[in-house]
Amino acid sequence: MSLWKEGFKLLHEVTFENESPEICIELLEASLNFIGLQNRIKTADQKWVEEFIEQGGMEKVFDTLAMLSNNASRGLVDAVQQLECAQCIKSVMNHQCGMEYFIKAGKELIYKLTEGLSSDSMLMKVEVYQLLSAVCMYSSTGHKLVIDAMAYLKNAKRTRLSVLLVDDLRAAETDEYRAVLVAFINCLLARCDSVDERSNIRHDLIALNFQQMLASMRTSEDDVLLTQIGIFNEGLALDQEVTEEGMDISNHKDVFRAVYTKVVGTPNALSFLHILQHLMLLDRDSKKCNVVWEMLEKMVLSAVMMSEGDQDAADQFVSASTEKMRKAIMQVVNDSSAPTPSGQESEVAPPPLAPPPPPLANTAAPPPPPPPPPHGGI
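Just so it is clear, the model here is predicted, and its values are computed rather than measured.

A. Main features of the overall build of the chain. The helix and strand inventory of the chain stands at 19 helices and 0 strands. Buried positions account for 36% of the 378 residues belonging to the chain. Here the analysis covers contacts within the chain between residues at least 6 apart in sequence; of these, 64% occur between residues at least 24 apart. Here the chain has roughly 24100 Å² of accessible surface; of this, 56% comes from carbon and sulfur atoms.

Structural data, given as structure tokens:
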């Protein structure tokens, strides 16, 4: 057996059984035996855990976790210790005093915990996501801390939260990890105060094909994963109903959001985007602008009222509508460029005649013109 393996074994043989919080902290500093500490915490009462926290035990554990998470050259031993450290934190936070201490500590501890998501170990990420889910559901303050921590992580990674979550879900190799990820997303949504806040989170995820990913997991035999998928879909459906019931049909933003919610994450989302992109090219000061909007309104209404299943009628509608639009626009163009017909007065008045020049100063008035000659000549 190699020297480091022997040392690792000896360190983990250090026992914490029946020791006081002070002795356990000293043993942890000397051995980093998180399994021994975890076993001691599991058998400890509330008073023992409170003393462990008061004497700086949690700070020591979190400092060690941060050190292991930031160690770029960490090997197998560091990865194992990182996982054991996170499990030790979970044991403390299973006690109410541990959870309350964690939340009162603010951003400092949760940032250190979130850094564990940078680990290459799926087991480590499972522990962190489970802890974040518990904090999120414990209180509204916990939910805010988790949101802040994920914002801190996305800034460090220089990407959006939705991208981080979807990338993790896409790279997941087990249904257990997928279930933990979807459960974490559901916890984020469950603690949101408003429908708009939940909708923003969902829309970011759905835009990255999150719903298609969930649909592909429905063949899983993992009951936990299937339950979490059902919770996400039910929450989405309920919020859509609430949004539509409270929607102001005369408000442009409300109607746009309702349409967007219906198409996002579906094959029609790309067509909807293309329609919006084409409309952006329409110049509001153009002479054809009004005609285009009027024709689009009529065409969309006719398309929506069309009966389903008649492909021939649909093809004819597209062809006829396109031709009507073309003729209407050409008529506007021709009317604006046609010359004024002969025999009709121009709408533009001719410029006024210049007034006669005034007489020169100090000169006599010009003589009157001669009388016209009489009829018959001179």
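Still to come is the rest of the account.
B. Just the layout of surface pockets, in detail. Here the largest pocket is characterised by a volume of approximately 1200 Å³. If you trace the largest pocket, you find 24 residues lining it, with F272, I275, L276, L279 and V300 closest to the centre. Contributing elements (two or more residues each) for the lining of the largest pocket: α16 (252-263), α17 (268-280), α18 (289-305) and α19 (311-337). With 8 residues, the single largest contributor to the lining of the largest pocket is α18.

C. Representation of the pattern of salt bridges in the model. One pass over the full model with this rule turns up 9 salt bridges. Close ionic contact of K112 with D63 constitutes a salt bridge, the shortest N to O distance being 2.6 Å. Of the two residues, K112 is situated in helix α8 (residues 107-114) and D63 in helix α5 (residues 57-70); the sequence distance between them amounts to 49 residues. Taking the relative accessible area as the measure of exposure, K112 reaches 15% and is therefore buried. With a relative accessible area of 43%, D63 lands in the partly exposed category.

D. Structural detail: unusual backbone geometry. Of note, the phi angle at N209 is positive, near 65°, even though the residue is not glycine. The residue N209 is located in the loop between α13 (195-206) and α14 (210-216) in this model.

E. Focus on the packing of aromatic side chains. For the structure shown, the criterion picks out 8 aromatic pairs. Centre to centre, the rings of Y129 and F184 are 5.2 Å apart; their planes meet at 50°, and the pair counts as tilted. With a gap of 55 residues between them, Y129 in helix α9 (residues 122-138) and F184 in helix α12 (residues 175-190) connect regions that are remote in the sequence. When sorted by exposure, Y129 lands in the same class as F184, which is buried. Relative to F232, the ring of F210 has its centre 5.0 Å away and its plane inclined at 70°; by these criteria the two rings are edge-to-face. Of the two residues, F210 sits in helix α14 while F232 sits in helix α15 (residues 223-245), which places them 22 residues apart along the sequence. Judged on exposure class, the residue F210 and its partner F232 are both buried.

F. Expanded view of the nonpolar core. In this structure, L37, F102, L132 and V146 are the most contacted members of the largest nonpolar core, which totals 69 residues. With 10 residues, α12 is the single largest residue contributor to this core. Residue contacts for L132: discarding those within four places in its chain leaves I110, L113, T114, L117, V146, M150 and F184.

G. Region of the structure containing α12. Between its terminal C-alpha atoms α12 stretches 22 Å, which fits the 22 Å expected from 16 residues at 1.5 Å a residue. The buried count for α12 comes to 13 of 16 residues, which makes it a mostly enclosed element.

H. The side chain of N33, seen in detail. Within the secondary structure, N33 sits in the loop between α2 (21-31) and α3 (34-42). Since its relative accessible area comes to 1%, N33 is described here as buried. In this structure the side chain of N33 is engaged in a polar contact, spanning 3.4 Å, whose partner is the backbone nitrogen of I35. A distance of 2.9 Å separates a polar atom in the side chain of N33 from the backbone nitrogen of G36.

I. Up close: the environment of D175. Position of D175 relative to the elements: it lies in helix α12. Spatially, the C-alpha atoms of D175 and M217 are 8.6 Å apart, while their sequence positions differ by 42 residues. Aside from chain neighbours lying at most four places away, what touches D175 is S220, E221, D222 and L225. Among the polar contacts made by the side chain of D175, one reaches the side chain of S220 at a distance of 2.6 Å.

J. Geometry of the environment of A183. Mapped onto the secondary structure, A183 falls in helix α12. Taking the relative accessible area as the measure of exposure, A183 reaches 18% and is therefore buried. Taking C-alpha positions, A183 is 8.4 Å from I229, a pair spaced 46 residues apart along the chain. Setting aside residues up to four positions removed in sequence, A183 forms contacts with S133 and Q228.

K. Seen up close, helix α11 (residues 161-171). Taken together, the buried positions of α11 are occupied by S162, V163, L164, L165, V166, D168 and L169. Where α11 is buried, its residues contact α9, α10 (140-157), α12, α13 and α14.

L. Focus on the confidence of the model for the chain. Of the residues in the chain, 76% have a pLDDT of 70 or more, and the chain-wide mean is 79. At the low end of the mean pLDDT range in the chain sits helix α1 (residues 3-12), at 47; at the high end sits α12, at 95. Confidence drops under pLDDT 50 across residues 1-5; counting only partners more than four residues distant or on other chains, this segment forms 2 contacts. Taken as a whole, residues 360-365 scores under 50 in pLDDT and shows 0 contacts with residues more than four places along the chain or in a different chain.

About the criteria used
Residues numbered from 1 in each chain as written. Predicted model: local features only at pLDDT ≥ 70, side-chain atom pairs only at ≥ 80, totals over all residues. Heavy atoms only, no water. Helix = DSSP H or I, 4+ residues; strand = E, 2+ residues; numbered from the N terminus. Buried < 20%, exposed > 50% of the residue type's maximum accessible area, 1.4 Å probe, protein only. Contact = heavy atoms within 4.5 Å. Areas by Shrake-Rupley, 256 points an atom, 1.4 Å probe, with all protein chains shown as cover. 1 Å grid on protein atoms, 1.4 Å probe; cavity = no way out; pocket = protein on both sides within 12 Å on 5 of 7 lines; lining within 4 Å. Points joined across faces, edges and corners; volume = space filled by probe spheres on them. Salt bridge = Lys/Arg side-chain N within 4 Å of Asp/Glu carboxyl O. Phe/Tyr/Trp six-rings, centres within 6.5 Å; stacked < 30°, edge-to-face > 60°. Core = buried A, V, L, I, M, F, W, Y, C linked by side-chain atoms within 4.5 Å. Expected span 1.5 Å × (residues − 1). Polar contact = N/O pair within 3.5 Å; in protein donor to acceptor, adjacent residues only side chain to side chain. pLDDT = per-residue confidence, 0-100.

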